[in-house]
Amino acid sequence: MVLSLLFLVTILTMTTSGISDTNSFIFGGCSRLKFSPGSNYETSVNSILSSLVNSATFTTYNNFTVPGATASETVSGLFQCRGDITNDQCSTCVERAVSQLGTLCFETYGGALQLEGCFVKYDNVKFVGVEDKTEVVKKCGPLIGLTSDARDNVLAYLESSDGVYKTFRTTSYGDFQGVAQCTGDLSSSECQDCVSDAIQRLKSECGGSTWGDMYLAKCYVRYSEGGVHSRGHNDDENHNDDEIEKTLAILIGLIAGVALIIVFLSFLSKVCEKQRGGK
Ligand SMILES: *[C@@H]1O[C@H](CO)[C@@H](O)[C@H](O)[C@H]1NC(C)=O
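Residues numbered from 1 in each chain as written. Predicted model: local features only at pLDDT ≥ 70, side-chain atom pairs only at ≥ 80, totals over all residues. Heavy atoms only, no water.

Student: Please explain the side chain of S76 as it appears in this structure.
Tutor: Structurally, the position occupied by S76 is in strand β3 (residues 75-81). Leave out the neighbours within four places in its chain, and S76 touches I48, F64, T65, K121, Y122, D123, F127 and V128. (Helix = DSSP H or I, 4+ residues; strand = E, 2+ residues; numbered from the N terminus. Contact = heavy atoms within 4.5 Å.)

Now the structure itself:
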């Protein structure tokens, strides 16, 4: 009984903290122009965003376009989940990203948002299938001083990917880990080009750092010493969320446990009564 209770608490804690990781906010941006409420454009944006959310329950990448009367009224949208997360995590992540886009980019013609586990973008400017190496977010960790061979090995592998083309790549060498991800609308050579570009920028801009994140518009590369996902640049912001979610998980576990004990006790007392009644 006590064991199964502990088990329950552990599972709940594990799942909630896992989810909070893939849903951590990385960046978001919106176009400046706003559409008018109640317009056809609004209907198209809502339709695209809900198609993305639905689609994320069964695939890691998809794109949608709703044609309008003119080119500037035509909306496209896409999402890309990180290659190593589950369908459940992907759909939760895209759902979150879409809901945050609704707030952050309220009534704007375009918007893009990156969470830890997924990327979502919609716009009336054609961007699906268009390579874009604009630097969006760069973050470098503390300097280690000398450049590290392990770090460079990790980056070299991400760039070559064993000669086999992959949209998602991950590897580790020594204490260093790395991950690279392209959006699924790029061709293999465009993805390769984007990843190489991100790696060159990491090498030159995060020279001797223990970790680095380079988010370009259509791909990203991240490396770190001791785990890409364990350290966090948003440590302070996420810490509280994690704590709250853990506490919640433990509370839910305890309540479920107490409920089980009550059910068990009332069952016992019924059995006892029956036995007494039988005598
Ligand atoms: C966009 O989606 C359509 C329909 O699913 C698909 O045929 C097309 O290949 C996609 N385009 C890109 C660039 O991913």
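The rest of the description comes next.
Student: So what exactly am I meant to see when it comes to the pattern of salt bridges here?
Tutor: Any two side chains of opposite charge can pair, given that their charged atoms come close. Evaluated as defined, the whole model comprises 11 salt bridges. Between K133 and D193 there is a salt bridge whose closest N-O contact spans 2.8 Å. Residue K133 is found in the loop between β5 (118-123) and β6 (135-140), and its partner D193 is found in helix α5 (residues 188-205); the two are separated by 60 residues along the sequence. Judged by its relative accessible area of 26%, K133 is partly exposed. R222 serves as the salt-bridge partner of D213, at 3.2 Å between the closest nitrogen and oxygen. On the basis of relative accessibility, which here comes to 1%, the residue R222 falls in the buried class. When salt bridges with common partners are traced through the structure, they connect R82, D84, E116, D213 and R222 into a single cluster. (Salt bridge = Lys/Arg side-chain N within 4 Å of Asp/Glu carboxyl O. Buried < 20%, exposed > 50% of the residue type's maximum accessible area, 1.4 Å probe, protein only.)

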